[in-house]
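Here's the letter readout for the chains.
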Amino acid sequence: MSESNTAGTILLVDPDPKVAQSILSFLESRHYSVLWVDDGEKAYNQLDERPFDVLITELSAHRIDGMRLMAVARDRNPEICVILIAEQPDVERAVEAMRCGAYDFQTKPLNLGKLEAVIQRGISQQRLVLEKHELERRLDERYGLGSLIGKSRQMIKIYESVRQIAPSRATVLIQGETGTGKDLVAQAIHNNSPRKMEPFVKLNCANLPEALVESELFGHVAGAFTGAIQSRKGRFELADKGTLFLDEIGELSPGLQSKLLRVLEHQQFERLGDSKTITVDVRLIAATNRPLERMVQEGTFRSDLFYRLNVVTIDMPPLRHRKEDIPLLAQHFLKEACAQNGKHIEGITRGAMDLLIRYNWPGNVRELKNIIEGMVVRAHGRQALDAHDVPDHVRQSIQPEAGEIRIPTGVTMAEVERIVIEETMRICGYNKEACAKTLGIGLRTLYRKLKEYDIR
Ligand SMILES: Nc1ncnc2c1ncn2[C@@H]1O[C@H](COP(=O)(O)OP(=O)(O)OP(=O)(O)O)[C@@H](O)[C@H]1O
Ligand SMILES: [Mg+2]
């Protein structure tokens with residue numbers, strides 16, 4: 001079997017040399033490289049030795065169990081195209097096999113032309129799937145880390161930091177405004193670390209009474225306080241050998257700050273109401289949207305704890321400082337929201353995207369996600385989301401840009417008018433009142449001209 005310039009590699013499993021020979025010579029004449037074996041055992045050995053694009057096997061014959069062979073083959077190569085050869089009475093089982101992942105089945109006597117057509121289709125589909133996987137992998141490599149999306153210089157730097165610090169057990173402090181992706185980064189650090197198979201445990205320190213945070217962190221024994229009926233493990237114990245993510249660490253009370261410091265220094269603590277010391281191996285990641293350094297200066301956050309926490313710091317950039325990520329994120333959230341709401345929306349028009357890019361995004365990526373979701377839910381039909389779908393509060397908060405309108409020479413007056421109206425609309429954030437006012441024309445005139453020039 002020569003594999004250079006082949007149309008595909010095929011493993012043929014058939015106990016009958018005459019049948020096998022006819023299939024083999026036909027397929028070889030069509031430039032497939034075919035390897036023939038006459039029983040299941042030999043087939044398993046071949047599957048272990050090299051990859052095949054296609055497996056053609058008897059569904060059940062002497063020393064051949066097609067279903068089992070298929071399972072093994074798919075285990076070695078999930079995309080392998082399996083074609084089963086069945087006797088007429090076996091058709092029901094063959095259909096069942098297709099449910100289990102076979103690509104097709106053929107009944108005897110075989111029509112070789114038909115068999116080849118199926119192989120061709122199977123292989124080209126397989127290539128598409130492989131290309132898609134490869135594309136996704138490459139996109140992931142280029143534009144993201146795990147579920148983090150963004151290709152701006154700032155985000156690339158974040159990916160680099162995550163990859164760099166993930167392997168160590170250094171404590172990490174993630175700082176950034178709300179909605180910038182601190183949770184996602186914490187998860188990405190864990191997922192890229194040697195601890196990835198161990199637990200990732202999270203606790204949000206905000207909005208909980210001090211006593212509760214304490215028992216959540218360190219656990220308690222029965223009777224430690226009113227209501228503590230059973231003893232319970234805390235997050236530190238649950239995260240043993242893994243990662244503990246403490247969100248909104250700036251909200252931690254002074255008492256808990258000093259307890260946390262002790263755990264960080266000695267990896268030891270006691271459950272509430274217990275004197276037994278517990279030792280754990282936990283990597284800590286903390287996040288805050290409050291500026292800890294300022295809190296240290298103001299005396300509301302312990303400086304020794306701060307220095308313990310910020311062994312490595314990651315500063316998440318606000319979305320308004322990396323506007324080039326907005327289109328990528330918006331397209332991603334659009335797809336996600338369409339899938340969740342069973343809608344098919346073509347995309348986002350230039351006008352709408354322009355508004356999204358110019359908005360200030362105080363709630364960062366979370367706000368963008370929510371706004372796109374809202375736009376999708378309200379949209380009718382499949383038409384692309386356009387400037388009118390952008391919520392009013394977004395449009396109204398966009399400052400008109402001071403802009404210049406460039407008009408090429410050699411255009412008609414009507415064309416000049418169209419360019420001026422289109423650009424003024426853009427500059428005014430697609431706010432028609434503001435646009436009409438800027439142009440010094442009535443609102444109704446503007447409506448008429450927008451319609452005339454098909455500006456949306
Ligand atoms: N770079 C990104 N790519 C894709 N989705 C993102 C990105 N950043 C944030 N998100 C999404 O935005 C939302 C908010 O992200 P996340 O919860 O990580 O923010 P946060 O910084 O922890 O916010 P908070 O300070 O309010 O806790 C999530 O739904 C998250 O999936
Ligand atoms: Mg968060």
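Residues numbered from 1 in each chain as written. Chains lettered and ligands numbered in written order. Predicted model: local features only at pLDDT ≥ 70, side-chain atom pairs only at ≥ 80, totals over all residues. Heavy atoms only, no water.

K.L.:
For this particular structure, what's the right way to read the nonpolar core?
P.N.:
Across soluble globular proteins, nonpolar side chains have a tendency to be buried as a group. Residues Leu334, Ile348, Trp361, Leu368, Ile372, Val376 and Leu385 are the most contacted members of the largest nonpolar core, which totals 39 residues. Going through the elements one at a time, helix H13 (326-341), helix H14 (350-358), helix H15 (364-378), helix H17 (413-427), helix H18 (432-439) and helix H19 (443-452) are the ones with two or more residues in this core. The residue makeup of this core includes at least three contributed by each of domain 3 (321-397) and domain 4 (399-456). (Core = buried A, V, L, I, M, F, W, Y, C linked by side-chain atoms within 4.5 Å. Buried < 20%, exposed > 50% of the residue type's maximum accessible area, 1.4 Å probe, protein only. Helix = DSSP H or I, 4+ residues; strand = E, 2+ residues; numbered from the N terminus. Domains from an automatic or database assignment.)

K.L.:
Just checking my understanding: could you explain the site of ligand 1 for this structure?
P.N.:
Near ligand 1, the surroundings consist of 19 residues, among which Ile149, Thr178, Gly179, Lys182 and Asp183 are the closest. At a separation of 3.3 Å, an oxygen atom of ligand 1 approaches a polar backbone atom of leucine 184. The cavity that encloses ligand 1 is the largest pocket. Here the shell around ligand 1 is composed, by residue class, of seven nonpolar, six polar and six charged. (Near = heavy atom within 4 Å. Polar contact = N/O pair within 3.5 Å; in protein donor to acceptor, adjacent residues only side chain to side chain. 1 Å grid on protein atoms, 1.4 Å probe; cavity = no way out; pocket = protein on both sides within 12 Å on 5 of 7 lines; lining within 4 Å. Sits in = over half its atoms within 2 Å of the grid points. Nonpolar A, V, L, I, M, F, W, Y, C, P; charged D, E, K, R; others polar.)

K.L.:
Looking at this structure, I do not really get the sheet that holds strand S7 (residues 104-107). What am I missing?
P.N.:
Neighbouring strands of a sheet are bound in pairs by backbone hydrogen bonds; such pairs are parallel or else antiparallel. Spatially, S2-S1-S3-S6-S7 is the arrangement adopted by the five strands of the open sheet, whose pairing is parallel. Among the strands making up the open sheet, the edge pair consists of strand S2 (33-37) and S7. Adjacent strand axes in the sheet meet at a mean angle of 20°, parallel and antiparallel pairs treated alike. Looking at chain direction, strand S6 (residues 81-86) and S7 are connected through four bridges and run parallel. Looking across to S7, one finds that alanine 86 is bridged to threonine 107. Running at roughly 170° to S2, helix H1 (residues 17-29) makes contact with strand S1 (9-13), S2, strand S3 (54-58) and S6 of the sheet. Running at roughly 165° to S3, helix H3 (residues 66-76) makes contact with S1, S3 and S6 of the sheet. (Pairing = 2+ DSSP bridges. Axes fitted to C-alpha atoms, helices over the stretch in contact; angles between N-to-C directions. Contact = heavy atoms within 4.5 Å.)

K.L.:
Looking at this structure, I do not really get the domain arrangement of the protein. What am I missing?
P.N.:
Note: interface size is frequently given as the accessible area lost on complex formation between the parts. Along its sequence, the protein is organised into domain 1 (9-136), domain 2 (169-317), domain 3 (321-397) and domain 4 (399-456). Its C-alpha centre places domain 1 at a distance of 54 Å from the equivalent point of domain 2.

K.L.:
Can you help me understand the environment of isoleucine 371 in this one?
P.N.:
Counting through the fold element by element, isoleucine 371 comes out in helix H15. Assessed through its relative accessible area of 8%, isoleucine 371 is described here as buried. Spatially, the C-alpha atoms of isoleucine 371 and valine 394 are 9.2 Å apart, while their sequence positions differ by 23 residues. Each residue touching isoleucine 371, except ones within four places of it in the same chain, is listed here: Trp361, Pro391, His393 and Val394.

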